[in-house]
Amino acid sequence: MKDLWPMVAAVVILLASASVIYVAKKNGGTLPKPSPSPTPAMAVQLSNEKQPKVSVQFDAKGNYVTVTVSNLNADQLEYNLIYDATVKGNQIQTGVNASTSVKDKSTYTQKQLLGSESSGKFTYHTNIKNAVMELTLRDESRSSVFSATYPFTVSAGESSDLKAN
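Please read these numbers as outputs of a predicted model, since none were measured by experiment.

**Observations regarding the overall build of the protein**
Step number 1: Scanning the protein for helices and strands turns up 1 helix and 10 strands.
Step number 2: Counting helices and strands in the order they occur from the N terminus, the protein gives α-β-β-β-β-β-β-β-β-β-β.
Step number 3: Considering only intrachain contacts with a sequence separation of at least 6, the fraction spanning at least 24 residues in the protein is 57%.

This is the structure:
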């Protein structure tokens, strides 16, 4: 049986090659050209007056952040907080995210742990640097109507309004 595998592989390669040659001859000696993938439509961005206002407020120890997004003109909100942090002595890139319906809401507020929790045990991220918030708003058909990246700095006990890059 061991000696049969090389022969089976050779037959499969031969059949595949014959199929390619057959298709090429059928098309006048050339292989069919691949059709390009359709280019996705660019997201229609909200006008300046309809764009969201984003702010963050950190607790006294910098372990939690309360994210507030106001002036919502969307049905769905998604964001990622991405940053470099020290976790259990190791420097890693990590973060947290959220996704929720905001239909008929003008403001969204969510308190987020900057770390992880398992069975009531918390691991807090420390020395957070290079932090950004990636925000996407979507309409009822889930098409993006707004997308922006907001850099921020974790400052224990502080709050700040974020400006998009």
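**Remarks on the sheet that holds strand S4 (residues 90-101)**
Step number 1: One open sheet accounts for 4 strands, arranged S4-S3-S8-S9; its pairing is antiparallel. Every other strand in the sheet has two partners, leaving S4 and strand S9 (144-152) as the edge strands with one partner each. Within this sheet the neighbouring strands show an average axis-to-axis angle of 15°, counted without direction.
Step number 2: Relative to S4, strand S3 (residues 76-87) is paired through 12 bridges, and the arrangement is antiparallel. Each residue of the ladder has a partner; that of Leu77, found in S4, is Thr100.

**Thoughts on the pairing of S3**
Step number 1: Taken across its 12 residues, S3 has 9 buried, putting it largely inside the fold.
Step number 2: Linking S3 to S4, which pair antiparallel, is a turn of 2 residues; within it Lys88 sits at a positive phi near 50°.

**So, the nonpolar core**
In summary, soluble globular proteins display a tendency toward joint burial of nonpolar side chains.
Step number 1: Counting 31 residues, the largest nonpolar core has Val69, Leu77, Tyr79, Leu81, Met133, Leu135 and Leu137 as the members making the most contacts within it.
Step number 2: The set of elements that each furnish at least two residues to this core consists of strand S1 (53-58), strand S2 (64-70), S3, S4, strand S8 (126-138) and S9.
Step number 3: Among the elements that line this core, the one with the most residues is S3, at 6 residues.
Step number 4: Other than its neighbours up to four places away in sequence, Met133 contacts Val54, Val67, Val69, Tyr79, Asn80, Leu81, Ala148, Thr149, Tyr150, Phe152 and Leu162.

**Here we look at the packing of aromatic side chains**
Step number 1: Within the structure shown, the criterion is met by 4 aromatic pairs.
Step number 2: Between Tyr64 and Tyr124, the ring centres sit 6.4 Å apart and the planes meet at 65°, which makes this aromatic pair edge-to-face. Of this pair, Tyr64 sits in strand S2 while Tyr124 sits in strand S7 (residues 121-124), placing them 60 residues apart in sequence.
Step number 3: Aromatic side chains Phe122 and Tyr124 sit 6.0 Å apart centroid to centroid with 5° between the ring planes, which places their arrangement in the stacked category.

**Concerning unusual backbone geometry**
Excluding glycine, residues mostly carry a negative phi; peptide bonds, for their part, are mostly trans.
Step number 1: We note that Asn71 has phi near 60°; this positive angle belongs to a residue other than glycine.
Step number 2: Here Asn71 lies in the loop between S2 and S3.
Step number 3: Look at Asn71 and you get partly exposed, because its relative accessible area is 28%.
Step number 4: Its identity is not glycine, yet Asn127 carries a phi of approximately 50°, on the positive side.
Step number 5: Examined against the element boundaries, Asn127 turns out to sit in strand S8.

Calculation rules
Residues numbered from 1 in each chain as written. Predicted model: local features only at pLDDT ≥ 70, side-chain atom pairs only at ≥ 80, totals over all residues. Heavy atoms only, no water. Helix = DSSP H or I, 4+ residues; strand = E, 2+ residues; numbered from the N terminus. Contact = heavy atoms within 4.5 Å. Pairing = 2+ DSSP bridges. Axes fitted to C-alpha atoms, helices over the stretch in contact; angles between N-to-C directions. Buried < 20%, exposed > 50% of the residue type's maximum accessible area, 1.4 Å probe, protein only. Core = buried A, V, L, I, M, F, W, Y, C linked by side-chain atoms within 4.5 Å. Phe/Tyr/Trp six-rings, centres within 6.5 Å; stacked < 30°, edge-to-face > 60°.

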